[in-house]
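Results of the structural survey
For reference, the chains in residue letters:
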Amino acid sequence: MIGSLAVVLFDGFAFGMLLFVLSVGLSVTLGLMNFTNLAHCAFGMLGGYAVVVAMRSFGLPFLLTLPLAFIVAALVSVAFERTIFRRLYGAGELNQVLLTIGLVFVAAASTAYFFGTGQQPIVLPHYLQGYVEWGGLRFGSYRIFLVVMALVIAGLLVLGLEHTRFGARVRASVDNQRVAQGLGLDVDSIFAITFALGSGLAGLGGALAIEIVGLDPSFGFHYLVYVLIVVAVGGLGSIGGSFLAAALLGIFDVAGKYFVPDMGAFLIYLFMVVLLFVRPVGLFGKR
Amino acid sequence: MRVETTASGPTQTWLRRRSRITAVEIAFWLATLLPFVLFPSYLSLASQIAIGALFALSVDLVLGYAGIITLGHAMFFGIGAYAAAILAKHGWGEPLTGLLVAALVAGAVGFVTSFIIVRVQHLALIMITLGLGLLTYELANSFSSVTGGTDGLGVEIWPVLGAFDFDLWGYTAYGYALAALFIGVLLARRLVNSSFGLALTGIRENSARMPAIGSTYRVHLQKIYVISACMAGVAGALLTETTGTVSLDTLSFQRSADVVVMLILGGSGRLYGGIIGAIIFLIARDRLSDMNPQYWYFWIGLLLMAVVLVMPGGILGGLSRLVRREAR
């Protein structure tokens, strides 16, 4: 019993780490520009399909395709940001929600057209398959890899935001955009770069998700709710908040499905509504 | 329930002028009778449209007029639908009281949730409406002994007013749904052309300034939210009564999203926006139903993006701009 609990907790934590990689970019960009980008997971899906194409058509090894997923999602997203999204900064959430949800519809339909509606499985390299035995318990190798990746990313993000000049600029722009602009920071291009990095992380998340949750054209929709919960509960612009919220959500989701399959999703939504009622800015949000 | 009314003459005259019935409106309502004569084989589709329009109108009241972004309004639609179905299941299939009960139940839930809604804004508001909608869906799914779970419920509905049986062709269904829509529009018309309606528009435009001119904006928002919940509940009950069945998809996120799409296409913040949107959306979906639904959403998505980028105000907004340009 204790053993299965430990494995469930670990699987939940690994799923949470996946959600963290998928959602942290949205948290930062939402905090920065107040742009409600519901197409964030569509960029994640793009990353996933980039991996599928690269592995199947070009025979690239899995680990090499991961940076590719990041780059493709980042480039495509920044193209959208420069041409379409930026027109809607300050246009109200409703317009942003509608535009980006329209984009999700289009992305899902186009993907279904080109790749079909089925799941897109990939074959992992052998060193990521199977289990690691530890204290009589078996932990999935891929999940360990996932957790390590997420921790490295979280570390890099914290380092980058806290200890680099660019990070200081991003933080200044999040805290007070107008003052940052007044001090001569080019908030516009800071945002474009941050947006590309955030969407790139989503693309990486989409690539990492294939083995855990699968990849099909509904990905952009299906995981949107999870990602939004992480962002709203964690608090906009807070990496620590996103990390904690993602870990909690992942653990509760997996444990809920395992122990109370009838009520799992219900409890998560209830928890979110109650938390946002008590703290509308989320756990670590500032405003 | 105190509504700030200014008794001064000019305001009254102005409001009355705004609420004057136009020739276009009369022509529109006469045209809604055409399906009885011209397309008798499409009456069930027509009644679906009338129900969708009433639902879109209820969303328009909160989203278009009061500016509350809701992605979970199907919860009230579904609660109304299940209220009417459960009532009929327990031996009371009278349709009009069914509508009343549905309105009351949905309104009561709307009242309770309205305390949460007025507390939050921005992303938290979107997430709470979305979360409440998903929550209701999961609840209905869990209590399958009451709701029938994924199978849904089939119910028997008595004739309307004891005289008009729900027929196979949908004459009664369309007439009944159309009458309900007509009453709903009259009600909404009266609401938005009152000082209360103006206060709502004020909140939508700038919620920080409304308290400064002495308007209790939270109470206003709660009121319109409850009214809208009742109206959505009635729309749900209409669907149950005209089709004789209810299923979980009345509560689904898909329905919440579709109704917002209808409203935006037609033009939000306009009385007839939701109605026009529902007509176009549902007829298009019916015509294109042989198409794979995934491709149908490609066009919907493209339309949404186009409306946001080049045609803010939807179809009616675009038309009224054209008319104004002609008049100049």
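Residues numbered from 1 in each chain as written. Chains lettered and ligands numbered in written order. Predicted model: local features only at pLDDT ≥ 70, side-chain atom pairs only at ≥ 80, totals over all residues.

**Here's the deal with the overall build of chain B**
Under the convention used in this document: Under the scheme used here, helices are H or I runs from DSSP no shorter than 4 residues and strands are E runs no shorter than 2 residues, and both carry numbers assigned from the N terminus. For this measure, only C-alpha atoms enter the radius of gyration; the expected value for a globule follows 2.2 Å times N^0.38, where N is the number of residues. Three classes are used. A residue is buried when 20 or more other C-beta atoms lie within 10 Å of its own, exposed when 12 or fewer do, and partly exposed in between, with C-beta atoms placed from the backbone. Residue pairs are scored as contacts if the distance between their C-beta atoms, which are placed from the backbone, is within 7 Å.
Check the secondary structure of chain B and you find 15 helices and 2 strands. Since a compact globule built from 328 residues should have a radius of gyration of about 20 Å, the 20 Å found for chain B is in line with a globular shape. Looking at chain B as a whole, 49% of its 328 residues qualify as buried. Considering only residue pairs separated by 6 or more positions, chain B has 80% of its internal contacts joining residues 24 or more positions apart.

**Side note on the overall build of chain A**
Broken down by element type, chain A carries 12 helices and 2 strands. Starting at the N terminus and ending at the C terminus, chain A contains elements arranged as α-α-α-α-β-β-α-α-α-α-α-α-α-α. Compactness check: chain A gives a C-alpha radius of gyration of 19 Å against a globular reference of 19 Å for 287 residues, within 12% of the reference. With the principal axes as the frame, chain A shows a C-alpha extent of 60 × 45 × 35 Å.

**A short note on the interface of chain B and chain A**
We apply this condition: When residues are sorted by character, Ala, Val, Leu, Ile, Met, Phe, Trp, Tyr, Cys and Pro go into the nonpolar class, Asp, Glu, Lys and Arg into the charged class, and all the rest, Gly among them, into the polar class.
Residue-level contacts link 29 residues of chain B with 34 residues of chain A. Breaking the side of chain B that touches chain A down by element, the ones donating at least two residues are helix H7 (122-142) and helix H14 (293-310) of chain B. Sorting elements by how many residues they give to the side of chain B that touches chain A places H7 of chain B first, with 13 residues. Considering only residue class, the side of chain B that touches chain A consists of 22 nonpolar, 5 polar and 2 charged.

**Brief notes about helix H6 (residues 165-175) of chain A**
Residue and element names in this part refer to chain A. Let me state the cut-off plainly: Arc, as used here, means the arc of the directions from the helix axis to the C-beta atoms.
All of the buried residues along H6 are Arg 169, Val 170, Ser 173 and Val 174. Viewed along the axis of H6, the buried residues span an arc of 135°, placing them on a single side of the element. For H6, the elements touching its buried residues are helix H1 (2-33), helix H5 (141-163), helix H7 (177-182) and helix H8 (187-213).

**Things to note about the nonpolar core**
It is characteristic of soluble globular proteins that their nonpolar side chains tend to be buried jointly. Rule in force here: For this entry, the nonpolar core is defined as buried Ala, Val, Leu, Ile, Met, Phe, Trp, Tyr and Cys residues connected by C-beta atoms within 7 Å.
Formed by 202 residues in total, the largest nonpolar core has its most connected members in Val 227 of chain A together with Leu 54 and Val 234 of chain B. Ignoring sequence-local partners within four residues, the contact set of Val 227 of chain A consists of Leu 19, Leu 22, Ser 23, Leu 26, His 40 and Cys 41 of chain A.

**Notes on the environment of Leu 248 of chain B**
All names here are of chain B. Checked against the element boundaries, Leu 248 lands in the loop between strand E2 (245-246) and helix H12 (253-266). C-beta crowding within 10 Å serves as the criterion here: with 18 such atoms nearby, Leu 248 is assigned to the partly exposed category. Distance from Leu 248 to Leu 153, taken between C-alpha atoms, is 9.4 Å for residues 95 residues apart in sequence.

**Focus: H8 of chain A**
In an α-helix, one turn spans 3.6 residues; hence positions three or four apart end up facing the same way. Residues and elements named next belong to chain A. The following threshold applies: Expected span of a helix: the number of residues minus one, times 1.5 Å. The bend at a residue is defined as the angle formed between two axes, one fitted to the seven residues ending at that residue and one fitted to the seven starting there.
Compared with an ideal rise of 1.5 Å per residue, which puts 27 residues at 39 Å, H8 spans 36 Å between its outermost C-alpha atoms and is within 8% of the ideal. The largest bend along H8 measures about 30° and falls at Ala 207. Looking one or two residues beyond H8, the residue adopting positive phi is Gly 214, at roughly 85°.

**Quick word on the environment of Phe 221 of chain A**
All names here are of chain A. Looking at where Phe 221 falls in the secondary structure, it is placed in helix H9 (residues 219-222). A tally of 21 C-beta atoms within 10 Å means that Phe 221 is categorised as buried. For the pair Phe 221 and Ala 39, spaced 182 residues apart in sequence, the C-alpha separation works out to 8.6 Å. Here Phe 221 is in contact with Val 104 and Ala 108, once residues within four sequence places are set aside.

**A short note on unusual backbone geometry**
Even without being glycine, His 122 of chain B reaches a positive phi, approximately 55°. On the neighbour-count criterion, His 122 of chain B (17 C-beta atoms within 10 Å) is partly exposed.

**Looking at the pairing of strand E1 (residues 131-134) of chain A**
Looking along a regular strand, one sees side chains alternate from face to face of the sheet. Rules: When DSSP finds two or more bridges between a pair of strands, those strands are recorded as paired.
Across 4 bridges, E1 of chain A lies against strand E2 (residues 137-140) of chain A in antiparallel orientation. Its bridge partner being in E2 of chain A, Val 132 of chain A is matched across the sheet by Phe 139 of chain A.

**Let's talk about the packing of H12 of chain B against helix H15 (residues 314-327) of chain B**
All names here are of chain B. Our working definition: Whenever a helix is involved, its axis is fitted only over the stretch in contact; in every case the axis is a line through C-alpha atoms, and angles between N-to-C directions fall within 0 to 180 degrees. By definition in this entry, angles of less than 35 degrees are roughly parallel, angles greater than 145 are roughly antiparallel, angles of 65 to 115 are roughly perpendicular, and the rest are oblique.
Direction vectors running N to C along H12 and H15 enclose 5°, while the axes themselves pass 3 Å from each other. Taken together, the axes of H12 and H15 are roughly parallel relative to one another. Taken together, the residues of H15 that come into contact with H12 (itself represented by Ile 264, Leu 265 and Gly 266) are Gly 314, Ile 315 and Leu 316. Looking at the contact of H12 with H15 residue by residue, the class counts come to 4 nonpolar, 2 polar and no charged.

**Notes on the packing of H1 of chain A against helix H11 (residues 239-259) of chain A**
Residue and element names in this part refer to chain A. Stated formally: For any pair of crossing helices, the crossing counts as left-handed if the nearer helix is rotated counterclockwise from the farther one by less than a right angle, and right-handed if it is rotated clockwise.
It is the contact of H1 with H11, at a shortest axis distance of 7 Å, that shows an interaxial angle of 140°. Looking at the two axes, H1 sits oblique to H11. In the packing of H1 onto H11, the handedness of the crossing is right-handed.

**Quick notes on the confidence of the model for chain B**
Residue and element names in this part refer to chain B. Spelled out, the test is: Confidence scores labelled pLDDT are given residue by residue by the predictor and lie between 0 and 100.
When the pLDDT values of chain B are averaged, the result is 86; 96% of them are 70 or greater. In the model, residues 1-6 has pLDDT below 50 throughout and makes 8 contacts with residues more than four positions away in sequence or in other chains. Here the predicted complex scores 0.89 on pTM and 0.85 on ipTM.

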